[in-house]
Amino acid sequence: MKIVFFNAKIKSKGRDFLTPSFYGLSTKDMVLAISYIILIGLILAYHWSVVEFIIAAIAVTLAFFAGNMKKDKRISEQEKPRD
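A brief look at the structure comes next.

Relative to the 28 Å expected for 20 residues at 1.5 Å per residue, helix H1 (residues 27-46) spans 28 Å between its end C-alpha atoms, a close match to the ideal helical length. Listing the buried residues of H1 in full gives Leu32, Ser35 and Leu39. Within H1, the buried residues cover an arc of 55° as seen down the axis, which keeps them to one side. Facing away from the buried side of H1 by more than 90 degrees, the exposed set consists of Thr27, Ile37, Ile38, Leu44 and Ala45. Positive backbone phi, at 55°, marks histidine 47, one or two positions downstream of H1.

Structure (structure tokens):
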């Protein structure tokens, strides 16, 4: 006899509700969410103040968006190998 307590495979129109792509989230968005979860863990572990959390969250967000920025044309031309 098999007992199932929670069926995680709830489907609607062939898409799984528990996958991030169902909600329109990409892998980069999930990495950002995980970094915020880690920040919350640091707050609880090291008793950070709200100001320290806000500064850290702003730094993580800026780093995330800076990683998504397009490179300047001059920089990408300098990185090309020269023959």
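As a further point, take the packing of aromatic side chains. A full pass over the atoms with the stated rule returns one aromatic pair. Look at phenylalanine 64 and phenylalanine 65: their rings are 5.3 Å apart centre to centre, the planes differ by 70°, and that puts the pair in the edge-to-face class. Phenylalanine 64 sits in the buried class, given a relative accessible area of 17%. Judged by relative accessible area, phenylalanine 65 falls into the partly exposed class, the value being 49%.

Another point: the packing of H1 against helix H2 (residues 50-68). Between H1 and H2, the least distance of the axes is 11 Å, while the angle of their chain directions is 160°. Taken together, H1 and H2 sit at an angle that is classed as roughly antiparallel. At the point where H1 passes H2, the crossing takes the right-handed sense. The residues of H2 that touch H1, namely those facing Lys28, Asp29, Leu32, Ser35, Tyr36, Leu39, Ile40 and Ile43, are Phe53, Ala56, Ala57, Val60, Thr61, Phe64 and Asn68. Looking at the contact of H1 with H2 residue by residue, the class counts come to ten nonpolar, three polar and two charged.

Each value, and the rule that gives it
Residues numbered from 1 in each chain as written. Predicted model: local features only at pLDDT ≥ 70, side-chain atom pairs only at ≥ 80, totals over all residues. Heavy atoms only, no water. Helix = DSSP H or I, 4+ residues; strand = E, 2+ residues; numbered from the N terminus. Expected span 1.5 Å × (residues − 1). Buried < 20%, exposed > 50% of the residue type's maximum accessible area, 1.4 Å probe, protein only. Arc of directions from axis to C-beta. Phe/Tyr/Trp six-rings, centres within 6.5 Å; stacked < 30°, edge-to-face > 60°. Axes fitted to C-alpha atoms, helices over the stretch in contact; angles between N-to-C directions. Parallel < 35°, antiparallel > 145°, perpendicular 65-115°, else oblique. Left-handed = near helix turned anticlockwise from the far one by under 90°. Contact = heavy atoms within 4.5 Å. Nonpolar A, V, L, I, M, F, W, Y, C, P; charged D, E, K, R; others polar.

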